[in-house]
Amino acid sequence: MAPDTAGIILAGGQSTRLGRDKASEILLERSLLQRVVDHLDGVVDEIVVVKAPDQSLPATVSTTPARVVEDAYPGTGPLGGIYTGLISTEAPAAIAVACDMPVLQPALLQELLRLLPGYDLVAPIKESLPEPLCTTYAKSCIDIIRAKLEAGEYKASGYFDDVNALLLEPEVWQRFDPDGLSFLNINREDELDRVRHILLSLET
């Protein structure tokens, strides 16, 4: 039976600012990748991890079936990873996140998936811009994403105006994630330290 929903985790970023592979970074005894898997586990029917060519990923465990695929458009940033994830699952609805988003809030992920039917994508708006990671996508996005990739246009939200998108203002999504924890990502050591402190406060 085909899954109804999928979680796409982009793990193939270059991590140039942090200086080491983010997916394998250990944060409070668990890899960043495992922490993201934990937040998707039970929210979606399938987890697809998109990796870069020749990238080694840490092992993960989950009750939700998970598999790893190689980026079909390496070097194109999140857009290529989102495309790869969408073509790699039979699920009609998928939520795309990055492996360095370890404080994702399952309630928000569930609401984004709930709202997707009837739209091509559902994206939260943060600081007046849509968040292409932590967005739900329908299969109908595949063709336009492929066209953007083939044209060398790699902005992850560059086609949102060309599809039937539901954009959620903060007053909507904050009902499910009041502090915007889902959007915290890690590019520098200070951000890693900040997230560590947040996780310690949440887990105690």
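Procedures and definitions
- Residues numbered from 1 in each chain as written.
- Predicted model: local features only at pLDDT ≥ 70, side-chain atom pairs only at ≥ 80, totals over all residues.
- Heavy atoms only, no water.
- Helix = DSSP H or I, 4+ residues; strand = E, 2+ residues; numbered from the N terminus.
- Rg over C-alpha atoms; globule rule 2.2 N^0.38 Å.
- Buried < 20%, exposed > 50% of the residue type's maximum accessible area, 1.4 Å probe, protein only.
- Contact = heavy atoms within 4.5 Å.
- Areas by Shrake-Rupley, 256 points an atom, 1.4 Å probe, with all protein chains shown as cover.
- Salt bridge = Lys/Arg side-chain N within 4 Å of Asp/Glu carboxyl O.
- Pairing = 2+ DSSP bridges.

### Some words on the overall build of the protein
Line of reasoning, step 1. Summing up its helical and strand segments, the protein has 6 helices and 10 strands in all.
Line of reasoning, step 2. Its C-alpha atoms give the protein a radius of gyration of 16 Å, near enough to 17 Å, the size a compact globule of 204 residues would have.
Line of reasoning, step 3. For the C-alpha atoms alone, the extent of the protein along its principal axes is close to 40 × 40 × 35 Å.
Line of reasoning, step 4. The burial tally for the protein puts 52% of its 204 residues in the buried class.
Line of reasoning, step 5. Within the protein, contacts between residues at least 6 apart in sequence are counted, and of these 69% link residues at least 24 apart.
Line of reasoning, step 6. Split by element, the accessible area of the protein, about 9,500 Å² in all, is 50% carbon and sulfur.

### A look at the pattern of salt bridges
Line of reasoning, step 1. The final tally for this structure, using the stated rule, is 11 salt bridges.
Line of reasoning, step 2. For Arg114, the salt bridge goes to Glu111, with nearest N and O atoms at 2.8 Å. Of this pair, Arg114 and Glu111 both sit in helix H3 (residues 106-115), 3 residues apart, roughly one helical turn.
Line of reasoning, step 3. Of the residues examined, Arg114 reaches a relative accessible area of 54% and is grouped as exposed.
Line of reasoning, step 4. Salt bridges sharing partners connect three or more residues here, namely Arg188, Asp190 and Glu191.

### Here we look at the environment of His197
Line of reasoning, step 1. In this fold, His197 is placed in helix H6 (residues 189-203).
Line of reasoning, step 2. Overall, His197 belongs to the exposed group, its relative accessible area being 56%.

### What about the pairing of strand E10 (residues 165-168)?
Line of reasoning, step 1. Here E10 shows one buried face, formed by Leu166 and Leu168, and one open face, formed by Ala165 and Leu167.
Line of reasoning, step 2. Where strand E7 (residues 121-126) meets E10, 4 bridges bridge the pair, whose relative direction is parallel. Bridged to Leu121 within E10 is Ala165.

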